[in-house]
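# Observations on chain architecture
Given next are the chains, with one letter for each unit.
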Amino acid sequence: MAPNNSDYLELAHKRAIEKKTHVSFPQLKYPSLRDEGLKDPVQWLKGKAMDDGAEGLWRVHDRLYDLTEFVQNHPGGAEWLELTKGTDITEAFECHHIKTIAEKILQNVYVRDAKTPRNSPFTFKEDGFFKTLKKNVREELEKIPKDTPKYTDMITDGLLITCLLTSALSCSATNYWLVMASYIVASVSLAGSVVASHNYIHRRSNWRMYIFNLSLWSYRDFRVSHVLSHHLYPNTLMDLEISAFEPLIKFNPRRDKPFYAKFTILVEFLTFPLFFIYNFIRRFLLNFLCEGFFENHYRWHDGVGFLLPAWMYLISGASLYDVFIMWLWIICTGSLTFFTIGSNAAHHHPKIFKDGDQISDVTPDWGMHELEAVMDRPDINDNHFKVMTLFGHHALHHLFPTLDHAVLKYLYPVFLENCKKFRANFRLTSQLDLFLGQIKMTHKTEPALLSERK
């Protein structure tokens, strides 16, 4: 049985201070460059490459592959392979490819076995929870109507059109109340569009993923911080969506939390309105602060965010100054709305297992860990519009991120059957409980052992 005493806690905190691991997940070594610089996605990739033993190639499990010749022919788009070169892509490979064709392709580009053990503790055993579930899901997908994703497209496009129309109206209207109503609707629909576009960012390259950039944030950055980091290693040291907020906000339990941790909810509401703008400025400055950043990572779509004010100016006929001010208000309010939704979307709650159970090596099933790091919400999952704008069907989305959100509801029978078979910890709660839990989590200083939670 896992240790359940103060000795474990003392040892875990000691190792965290020494940066050998951290309190919440002691099976994972402290990542290189985690606390350096601006904590941007490119830096995260560099640190990961330093730890993964991929030797400049692509690592899957304990083998190295050279995908150079395959990059431009990758069905999901070249960007995924360009970003991950030199890293261990095991988790991404396993959950992004439900069909077996990708495994056959790897056989043709095998180079050699890796020289070092995997840095990640997660396993994908054929008879384990995730691989068994993936096999069942593969069969289930054949039964789902092929036109199911059209409902997702309709919601996303509707939100985009609403944002465009109301943002222009907020500048052209003369009635005060109409201006304010248009501004609020534009801000909320912008946030909704950005959340909905997240559905497309996980998948093969497509035009709807660029909607994300209307926020001034980069979908390319989000593919790293969210898809390759948060989704694959939620609530661990490798989760950039946790480390990026430190030391301002600390979600993981640590005794050295600053005094202002008790006021985290206030800190969030003061800083989140500027987060979209901050991300744009940070990414722009990296062109001057990081050698090779402009050539290797800055792209034409980094300017997509300015299409919204350009549209507002051309359609409304308002002065450039008035358009600029209204656009800033829409961006800031939309930013606050987006991060309020995102920070309460199933990951930050004291009952969610963020905590390691022993210092010795363990090999947790990746799918089981995903469920330990997520709580789902029946009050969100009962409506597809809410699913698309509030990160619904969160557990299944984490397990199979490349599937359209409209498809996920069809997978519950086989999913729940496997959860029962493997005793996987799939949990449900309300949106309000997650909101309150997120506040409590920022106050938490001691980890709850898995044995205590069970």
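Model, not experiment: these values are computed from the prediction.

### Topic: the overall build of the protein
- In terms of regular secondary structure, the protein is built from 23 helices and three strands.
- The C-alpha radius of gyration computed for the protein amounts to 22 Å, which stays within 12% of the reference 22 Å derived for 454 residues, consistent with globular compactness.
- Dimensions of the protein, computed from the C-alpha atoms along their principal axes, are close to 70 × 55 × 50 Å.
- Across the 454 residues in the protein, those meeting the buried criterion constitute 57%.
- Taking the contacts inside the protein whose residues are at least 6 apart along the sequence as the reference set, 74% of them involve residues at least 24 apart.
- For the protein, the exposed area adds up to about 20,100 Å²; of that, 62% sits on carbon and sulfur atoms.

### Quick look at the nonpolar core
- Counting 89 residues, the largest nonpolar core has F338, F400 and F415 as its most contacted members.
- Each residue touching F400, except ones within four places of it in the same chain, is listed here: C95, I98, F130, L133, K134, V137 and L408.
- Counting 12 residues, the second largest nonpolar core, distinct from the first, contains A78, L81, I89 and A102.

### Details of unusual backbone geometry
- Here E246 and P247 are connected by a cis peptide whose omega angle stands at 0°.
- Residue position: P247 is located in the loop between α10 (240–243) and α11 (264–271).
- Not every positive phi belongs to a glycine, and L216 is a case in point at roughly 85°.
- In this fold, L216 is placed in the loop between α8 (176–201) and α9 (219–230).
- Residue classification places L216 among the buried residues on the basis of a relative accessible area of 9%.

### As for the sheet that holds strand β3 (residues 110–113)
- With antiparallel pairing, the three strands of this open sheet are ordered in space as β1-β2-β3. Each having just a single partner strand, β1 (58–60) and β3 make up the two edges of the open sheet. Between one strand and the next, the sheet's axes are offset by a mean angle of 35°, whatever the strand orientation.
- Sheet topology places strand β2 (residues 63–65) next to β3; three bridges connect them, and they run antiparallel.

### Description of the pattern of salt bridges
- Across all of its chains, the model carries 28 salt bridges by this definition.
- Across the pair K143 and E140 runs a salt bridge whose closest N-O atoms are separated by 3.6 Å.
- Assessed through its relative accessible area of 63%, K143 is described here as exposed.
- We note a salt bridge from D221 to R283, for which the minimum N-O separation is 2.5 Å. Taken as a pair, D221 in helix α9 and R283 in helix α12 (residues 275–289) lie far apart in primary sequence, 62 residues in all.
- A relative accessible area of 4% places R283 in the buried class.

### What to know about the side chain of R254
- Relative to the helices and strands, R254 resides in the loop between α10 and α11.
- The buried category is assigned to R254, whose relative accessible area is 18%.
- Beyond its immediate stretch of four places on either side in the chain, R254 contacts H13, A16, I17, V23, K444 and T445.

### With respect to the side chain of H96
- Note that H96 resides in helix α4 (residues 90–96).
- Judged by relative accessible area, H96 falls into the buried class, the value being 16%.

### Let's talk about α12
- Its 15 residues place the ends of α12 20 Å apart at the C-alpha level, agreeing with the 21 Å of an ideal helix rising 1.5 Å per residue.
- Among the residues making up α12, those that are buried are F275, F276, N279, F280, R282, R283, L286 and N287. On an axial view of α12, the arc spanned by its buried residues comes to 160°, and they lie on one face. Away from its buried face, by an angle of more than 90 degrees, α12 presents the exposed residues F288 and L289.

### A closer look at helix α6 (residues 129–141)
- In this model, α6 (13 residues) spans 18 Å end to end at C-alpha, consistent with the 18 Å of a helix rising 1.5 Å per residue.
- Within α6, the full set of buried residues consists of F129, F130, K131, T132, L133, K134 and V137.
- On its buried side, α6 packs onto α4, α5 (101–107), α16 (366–372), α19 (394–399) and α21 (412–422).

### Digging into the packing of aromatic side chains
- Tallied over the entire structure, the rule returns 37 aromatic pairs.
- For the ring pair F129 and F422, a centre distance of 5.8 Å and an interplane angle of 75° mean the geometry is edge-to-face. With F129 in helix α6 and F422 in helix α21, this residue pair connects regions lying 293 residues apart in the sequence.
- Between W217 and F275 the ring centres are 6.3 Å apart and the planes differ by 75°, which places this aromatic pair in the edge-to-face class. Residue W217 is located in the loop between α8 and α9, and its partner F275 is located in helix α12; the two are separated by 58 residues in the primary sequence.
- Classification of W217 as buried rests on a relative accessible area of 9%.
- A network of ring pairs unites the aromatic residues F212, W217, F222, F245, F272, F275, F276, Y278, F338, F339 and F391 as a single cluster.
- It is R63 that lies over the ring of Y110; its NZ or CZ is 4.8 Å from the centre.

### Some thoughts on the environment of S243
- Mapped onto the elements, S243 comes out in helix α10.
- Residue classification places S243 among the buried residues on the basis of a relative accessible area of 2%.
- In this structure the C-alpha to C-alpha distance between S243 and V304, which are 61 residues apart in sequence, comes to 27 Å.

### Description of the packing of helix α2 (residues 41–52) against α9
- Where α2 meets α9, the axes come as close as 8 Å, and the angle between the chain directions of the two elements is 50°. Relative to α9, the element α2 lies oblique. Touching P41, W44 and L45 of α2 are D221, V224, S225, L228 and S229, all from α9.
- Of the residues contributing to the contact of α2 with α9, the split by class is five nonpolar, two polar and one charged.

About the thresholds
Per chain, residues are indexed from 1 in the order of the written sequence. Where totals are concerned, whole chains, interfaces and linings use all residues; where local detail is concerned, this predicted model gives features only for residues with pLDDT of at least 70, and gives and counts side-chain atom pairs only at 80 or more. Neither water nor hydrogens contribute to the side-chain values; these are computed over all heavy atoms in the structure. Note on conventions: DSSP H or I runs of at least 4 residues are helices, E runs of at least 2 residues are strands, and numbering of each starts at the N terminus. Note that the radius of gyration is over C-alpha atoms, with the globule rule given as 2.2 Å times the number of residues to the power 0.38. Between buried and exposed lies partly exposed: a residue is buried under 20% and exposed over 50% of the maximum accessible area for its type, with that area taken using a 1.4 Å probe on protein chains only. Contacts were defined at the residue level, with two residues in contact if any of their heavy atoms lie within 4.5 Å. For the accessible areas, the method is Shrake-Rupley and the probe is 1.4 Å, while residue cover comes only from the protein chains on display. What makes a nonpolar core is a set of buried Ala, Val, Leu, Ile, Met, Phe, Trp, Tyr and Cys residues whose side-chain atoms join them at distances within 4.5 Å. Only strands joined by at least two bridges in the DSSP assignment are considered to pair. Axis definition: a line fit to C-alpha positions, over the contact stretch in the case of helices; interaxial angles, taken between N-to-C directions, run 0 to 180 degrees. When a carboxyl oxygen of Asp or Glu lies within 4 Å of a side-chain nitrogen of Lys or Arg, that pair is called a salt bridge. One less than the residue count of a helix, multiplied by 1.5 Å, gives the span that helix is expected to have. Regarding the arc, it is the one traced by the directions from the helix axis to the C-beta atoms. The rule is short: rings of Phe, Tyr and Trp, with Trp giving its six-membered ring, pair when the centres are within 6.5 Å, and they are stacked under 30 degrees, edge-to-face over 60, tilted in between. Consider the ring centre and the ring normal. A charge sits over the ring if Lys NZ or Arg CZ is within 6 Å of that centre and within 35 degrees of that normal. For this classification, under 35 degrees means roughly parallel, over 145 means roughly antiparallel, 65 to 115 means roughly perpendicular, and everything else is oblique. By the convention adopted, Pro, Cys, Tyr, Trp, Phe, Met, Ile, Leu, Val and Ala count as nonpolar, Lys, Arg, Asp and Glu as charged, and the other residues, Gly among them, as polar.

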